[in-house]
Amino acid sequence: MDLALNGKVALVTAASRGIGRAAAERLASEGATVIAAARSQDRETEEVGRGGIVPVVADLGEAGAGSALVEQVREEHGRLDVLVANTPGPKLSPALELTWEDWTGAHDAMLRPVVELMTAAGRVMVGQGSGAMVLVSSSWVRQPAPAGVLSAAYRSAQSSFVKSLAGEIAPRGVRVNQVLVGATGTERMENILRSKAETNGTDRDTELDRVVADIPLGRWGEAHEIGDLIAFVASDLPGFSTGSSFVIDGGAIRSAH
Ligand SMILES: NC(=O)c1ccc[n+]([C@@H]2O[C@H](COP(=O)([O-])OP(=O)(O)OC[C@H]3O[C@@H](n4cnc5c(N)ncnc54)[C@H](OP(=O)(O)O)[C@@H]3O)[C@@H](O)[C@H]2O)c1
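The structure displayed is predicted, hence computed values, not measured ones. (Residues numbered from 1 in each chain as written. Predicted model: local features only at pLDDT ≥ 70, side-chain atom pairs only at ≥ 80, totals over all residues. Heavy atoms only, no water.)

What is the right way to look at the overall build of the protein chain in this model?
When you go through the protein chain residue by residue, the secondary structure sums to seven helices and eight strands. The C-alpha radius of gyration computed for the protein chain amounts to 18 Å, which stays within 12% of the reference 18 Å derived for 257 residues, consistent with globular compactness. For the protein chain, the spread of C-alpha atoms along the three principal axes comes to 55 × 40 × 40 Å. Residues classed as buried in the protein chain amount to 49% of the 257 residues present. Put simply, 69% of the contacts in the protein chain that link residues at least 6 apart link residues at least 24 apart. Looking at the protein chain as shown, the accessible area adds up to about 11900 Å², and 51% of this sits on carbon and sulfur atoms. When the 24 positive and 32 negative side-chain charges of the protein chain are each reduced to one mean point, those points stand 5 Å apart. (Helix = DSSP H or I, 4+ residues; strand = E, 2+ residues; numbered from the N terminus. Rg over C-alpha atoms; globule rule 2.2 N^0.38 Å. Buried < 20%, exposed > 50% of the residue type's maximum accessible area, 1.4 Å probe, protein only. Contact = heavy atoms within 4.5 Å. Areas by Shrake-Rupley, 256 points an atom, 1.4 Å probe, with all protein chains shown as cover. Lys, Arg positive; Asp, Glu negative; His and termini not counted. Charge placed at Lys NZ, Arg CZ, Asp CG, Glu CD.)

Written out as C-alpha cells, the structure is:
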C-alpha cells in the first residue's frame, strides 16, 4: 500500500530506538525526509527506501526543546508535514510511593514536550493549510495497569489536549490523532521485565509470560508493527479521521469503547 508520503517532511521525537525509531523507518521507507530526535545520536544521516533519516540531538526534558525542534525543522526544510510526538515513558510505581519530584519529572518529560511540539507544529501546519500529527500514547490511558499511574494520568491530559487541538485546527486542514500502544518488545519493555523479575524473585521469561497472558492475541507487539500504524495514521489515507484514537494492543483493552 502506497501511503503517498513521498517528499513529505516529518519530525519524529524520542526516535533513536524502539517505537519512535520504527515510525521514523517506516515514514522514510515511504519516501519522507524524517528528522529523528533523541538525546543521544550515534548515527549518520541514512537513506532508507526512497527517503532518509536525519538524526538530531534534543533532550525533550528541557523546557523549550519541543518548540526549538519544530523551528529547526521549519528553518532547515522549509515546511513540516508530519509530526510524530513520542516521549520517554514514565517511572512505574504505585501511587502511594510517588514523590512530587516524580510527578513534576513525568510532567516535564511527557506533557510539556507534547504541548510544545504540537502547538509549534500546529502553527506551522495551519500556515501551510495542511499537516498531520500523531501522538504516541498507551493502552494504559484506557485501562490503567498496576504501577502505571503516572502514565495513565499524564496520557489522559495528552489525550484531552489532542482532542481539543484537533477540533480547533481541523477546519484549517490539519489532523491530530493518537495511537494507543499495548505491550511491545522494546528496550523499555525489557527493562520493565528485568525490574519486575528482580522485585518478584522470578526471571525475565516468567514476567513476559505474565504480560502475554493478558493479551488475547497471545504475544506482544513488535516495534515495526507500531511504526506501520503510526505511518498510516500520519498519511492522508485515514483523511476523515481527526481527534481519534487508533488502538494497537493485541486485544488487551477489554472495554468495547
Ligand atoms: N514498549 C511498550 O510496550 C509501550 C507500550 C505503550 C506505550 N509505550 C510508550 O511509547 C513510548 C516509547 O517507548 P519505547 O518502548 O519505544 O521506549 P524505548 O525503546 O526505551 O525508547 C525510548 C526513546 O526515547 C528517547 N528518549 C528518552 N528520553 C528522552 C529525552 N529526555 N529526550 C528525547 N528523547 C528521549 C530514547 O533515546 P535517547 O535515550 O537517546 O534519548 C529512545 O529513542 C514511551 O512513552 C512508552 O511509555 C511503550
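Explanation requested: helix 2 (residues 65-77) in the structure shown.
At 3.6 residues per turn, the α-helix brings residues three or four places apart onto the same side. In a regular helix each residue adds 1.5 Å, so 13 residues correspond to 18 Å; helix 2 covers 18 Å between its end C-alpha atoms and thus fits that length. For helix 2, every residue scored as buried is listed here: Ala65, Gly66, Leu69, Val70 and Val73. Angularly, the buried residues of helix 2 cover 140° about the axis, an arc narrow enough to put them on a single face. Tucked inside the fold, the buried residues of helix 2 contact strand 1 (9-12), strand 2 (33-38), strand 4 (51-57) and helix 3 (100-128). The positive-phi residue at the C-terminal boundary of helix 2 is glycine 78, with phi of around 80°. (Expected span 1.5 Å × (residues − 1). Arc of directions from axis to C-beta.)

Could you clarify how one ought to interpret helix 7 (residues 223-234) in this entry?
Taking 1.5 Å as the rise per residue, helix 7 with 12 residues should run 16 Å; its terminal C-alpha atoms sit 16 Å apart, in good agreement. All buried positions along helix 7 are accounted for by Ala223, Ile226, Gly227, Leu229, Ile230, Ala231, Val233 and Ala234.

Got a minute to help me understand the sheet that holds strand 4 in this structure?
Taken in spatial order, the eight strands line up as 3-4-2-1-5-6-7-8 in an open sheet, and their pairing is mixed. Strands at the two margins of the open sheet, each flanked by one partner only, are strand 3 (46-48) and strand 8 (245-248). Each strand of the sheet is rotated relative to its neighbour by a mean of 20°, with strand direction disregarded. Sitting on the sheet, helix 7 is in contact with strand 5 (82-85), strand 6 (131-138), strand 7 (174-181) and strand 8, with an inclination near 160° to strand 7. (Pairing = 2+ DSSP bridges. Axes fitted to C-alpha atoms, helices over the stretch in contact; angles between N-to-C directions.)

Can you help me understand the confidence of the model for the protein chain in this one?
In regions of low pLDDT, the predicted coordinates are not meant to be interpreted in detail. Of the residues in the protein chain, 100% have a pLDDT of 70 or more, and the chain-wide mean is 97. Predicted confidence in the protein chain is weakest over strand 3, with a mean pLDDT of 92, and strongest over strand 5, with 99. (pLDDT = per-residue confidence, 0-100.)

So what exactly am I meant to see when it comes to the pairing of strand 5 here?
A regular strand places its side chains on the two faces of the sheet in alternate fashion. The side-chain alternation of strand 5 yields two buried faces, one formed by Val82 and Val84 and the other by Leu83 and Ala85. Two elements, strand 1 and strand 5, share three bridges in a ladder whose sense is parallel. In the strand pairing of strand 5, alanine 10 is matched with valine 82. Running through helix 3, the crossover from strand 5 to the neighbouring parallel element strand 6 is right-handed. (Right-handed = clockwise from strand over helix to strand, strands pointing away.)

Teacher, can you tell me more about the site of the ligand here?
The immediate surroundings of the ligand are formed by 29 residues, with Ser16, Ser40, Thr87, Arg155 and Thr186 found nearest. In the model, an oxygen atom of the ligand is placed 2.7 Å from a nitrogen or oxygen of the arginine 155 side chain. For the ligand, whose free accessible area comes to 880 Å², the fraction covered by protein is 92%. Within the residue set of the shell around the ligand, elements represented by two or more residues are helix 1 (18-29), strand 6 and helix 5 (187-200). Each of domain 1 (9-182 + 223-248) and domain 2 (185-220) contributes no fewer than three residues to the shell around the ligand. (Near = heavy atom within 4 Å. Polar contact = N/O pair within 3.5 Å; in protein donor to acceptor, adjacent residues only side chain to side chain. Domains from an automatic or database assignment.)

Honestly, the pattern of salt bridges in this entry has me stumped. Any pointers?
Enumeration over the complete set of coordinates arrives at 16 salt bridges. Note that arginine 26 is salt-bridged to glutamate 30, the shortest N-O span being 2.7 Å. Among the residues examined, arginine 26 registers a relative accessible area of 22% and is labelled partly exposed. The closest approach of N and O atoms between lysine 91 and aspartate 102, which form a salt bridge, is 3.2 Å. With lysine 91 in the loop between strand 5 and helix 3 and aspartate 102 in helix 3, this pair connects stretches of sequence that are 11 residues apart. Among the residues examined, lysine 91 registers a relative accessible area of 46% and is labelled partly exposed. Through salt bridges that share partners, Asp2, Arg26, Glu30, Arg50 and Asp228 make up one connected network. (Salt bridge = Lys/Arg side-chain N within 4 Å of Asp/Glu carboxyl O.)

What should I look at first to understand the environment of isoleucine 215 in this one?
Inspection of the secondary structure puts isoleucine 215 in the loop between helix 6 (204-213) and helix 7. Taking the C-alpha atoms as reference points, isoleucine 215 and glutamine 158, 57 residues apart in sequence, are found 25 Å from one another. Not counting chain neighbours up to four residues away, the residues in contact with isoleucine 215 comprise Ala183, Trp220, Asp249 and Gly250.

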